[in-house]
Amino acid sequence: TNRVLFVQHGQTPPLMFAINITVSNPGVSAGDAVPVQIKVEATAPVLSLKSKSIDVNFNETTILRPSDLVASTSFDHQRPRLKVRYFIAKLPSTGHFAINTPPAWISTLNFSTATIDHGRIAFIHHGQSAQSRDSVVLRLASGTYESEMQHTVLLNIQLPFETVSTTLSTKKNSLDVNEGGNVHLKKDSMVVQILPSSPENGDVAYFIEELPHHGKLLINSSGVRPVQGSG
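Thresholds, definitions, all that
Residues numbered from 1 in each chain as written. Predicted model: local features only at pLDDT ≥ 70, side-chain atom pairs only at ≥ 80, totals over all residues. Heavy atoms only, no water. Helix = DSSP H or I, 4+ residues; strand = E, 2+ residues; numbered from the N terminus. Buried < 20%, exposed > 50% of the residue type's maximum accessible area, 1.4 Å probe, protein only. Contact = heavy atoms within 4.5 Å. Areas by Shrake-Rupley, 256 points an atom, 1.4 Å probe, with all protein chains shown as cover. Core = buried A, V, L, I, M, F, W, Y, C linked by side-chain atoms within 4.5 Å. Phe/Tyr/Trp six-rings, centres within 6.5 Å; stacked < 30°, edge-to-face > 60°. Patch = residues over 30% accessible without salt bridge, like charges linked within 9 Å, V, L, I, M, F, W, Y side chains within 5 Å. Salt bridge = Lys/Arg side-chain N within 4 Å of Asp/Glu carboxyl O. Pairing = 2+ DSSP bridges. Axes fitted to C-alpha atoms, helices over the stretch in contact; angles between N-to-C directions. Polar contact = N/O pair within 3.5 Å; in protein donor to acceptor, adjacent residues only side chain to side chain.

Looking now at the overall build of the protein. Per the secondary structure count, the protein includes one helix and 17 strands. For the protein, buried positions account for 24% of its 231 residues. Restricting the contact set of the protein to residue pairs at least 6 apart, pairs at least 24 apart contribute 55%. About 17100 Å² of surface is accessible on the protein, with carbon and sulfur atoms providing 52% of the total.

Core analysis: the biggest nonpolar cluster contains 24 residues, and Leu69, Tyr86, Phe97 and Leu138 have the highest contact counts within it. When contributions to this core are tallied by element, the ones reaching two or more residues are strand S4 (53-57), strand S7 (85-90), strand S8 (95-101), strand S11 (121-125), strand S12 (133-142) and strand S13 (145-158). With residues up to four places along the chain from it excluded, the contact list for Leu138 reads Leu49, Leu69, Tyr86, Phe87, Ile88, Ala89, Met149, Gln150, His151 and Val153.

What follows deals with unusual backbone geometry. Residue Pro102 is joined to Pro103 through a cis peptide bond whose omega torsion reads 10°. In this model, Asn59 sits at a positive phi of 60°, which is unusual for a non-glycine residue. Within the element layout of this structure, Asn59 appears in the loop between S4 and strand S5 (61-63).

So, on to the packing of aromatic side chains. Each aromatic ring pair is summarised here by two numbers: the centre-to-centre distance and the angle between the ring planes. Tallied over the entire structure, the rule returns three aromatic pairs. Joined through ring pairs, the aromatic side chains of Tyr86, Phe97, Phe111 and Phe123 make up one cluster.

Our next topic: a nonpolar patch on the surface. Nonpolar side chains collect at one region of the surface, where Leu175, Val177, Val183, Leu185 and Leu217 lie side by side and expose about 400 Å² of accessible area between them. Among the structural elements, Val177 can be located in the loop between strand S14 (167-170) and strand S15 (192-195). You can call Val177 partly exposed: its relative accessible area is 46%.

Let's shift gears to the sheet that holds S12. Spatially, five strands are ordered S4-S13-S12-S7-S10 in an open sheet, and the strand pairing comes out mixed. Two strands lie at the open edges of the sheet, namely S4 and strand S10 (110-112), each paired on one side alone. Averaged over neighbouring strand pairs, the angle between their axes works out to 35° when direction is ignored. Pairing geometry for S4 and S13, over five bridges, is parallel. Of the residues in S13, the one forming a bridge with Asp55 is Asn156.

What follows covers the pattern of salt bridges. What the rule picks out here adds up to two salt bridges. With a shortest N-O distance of 2.6 Å, Glu146 and Arg139 are connected by a salt bridge.

Locating Ser142 in the fold gives a position in strand S12. Classification of Ser142 as buried rests on a relative accessible area of 13%. There is a polar contact of 3.0 Å between the side chain of Ser142 and the backbone oxygen of Lys83. What Ser142 contacts, discounting residues up to four positions off in sequence, is Leu47, Leu82 and Lys83.

Below, the discussion takes up the sheet that holds S11. The strand order across the open sheet built from four strands is S5-S11-S8-S9, with neighbouring strands paired in antiparallel fashion. Two strands close off the open sheet at either side, each with one partner strand: S5 and strand S9 (104-107). Taking the axes of each pair of neighbouring strands and ignoring which way they run, one obtains an average angle of 40° across the sheet. Inspection of the sheet shows S8 paired to S11 by five bridges, in the antiparallel sense. By the bridge assignment, His96 is partnered in S11 with Ile124.

Here it is as structure tokens:
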């Protein structure tokens, strides 16, 4: 009669071990049994991150939801939510992750599904950059297994205002001035093209990065006075 031997690994090291058994036919005395050693090599699970992005708010503390970070292994598809520890391998540039340790949020470089499920992990946006995208790089661990694979998760930053990318280019970039003379800048002296065109972006501010070397720029506002550079 064929017999099937099942070995259940206890999810703790080592991954390689041996089982010593004795084999004999029915009715054979124990002294005639044959010792057999079975070598067992367990396969470590492959941890993967299903989540690709997290929505966070600009200049706010956004508490992570259980659905924001969902991980799985190569052979636990029938299990409920996997217990995972997350380690931050590369920090985001627009904010930081924090754990709620009353009465304050404390910056952290690692957290778990348990702390997420209890609403204790948040992303705190610094409010200093208007970029709508950022990212964080995570490493995962479950039980005694820690994956060296790194996972990049995008941070979709919900801005409280709409940003429009515009391109400015000067259609006229020279000005004729006689030696020892002066010239008034008029509307058509410096023409700027703004793309995309919009009725709201017709007003342009000019910032002087470098003052002229052979003259001065003067502004007439309650008397003529020199223009100061911004650079």
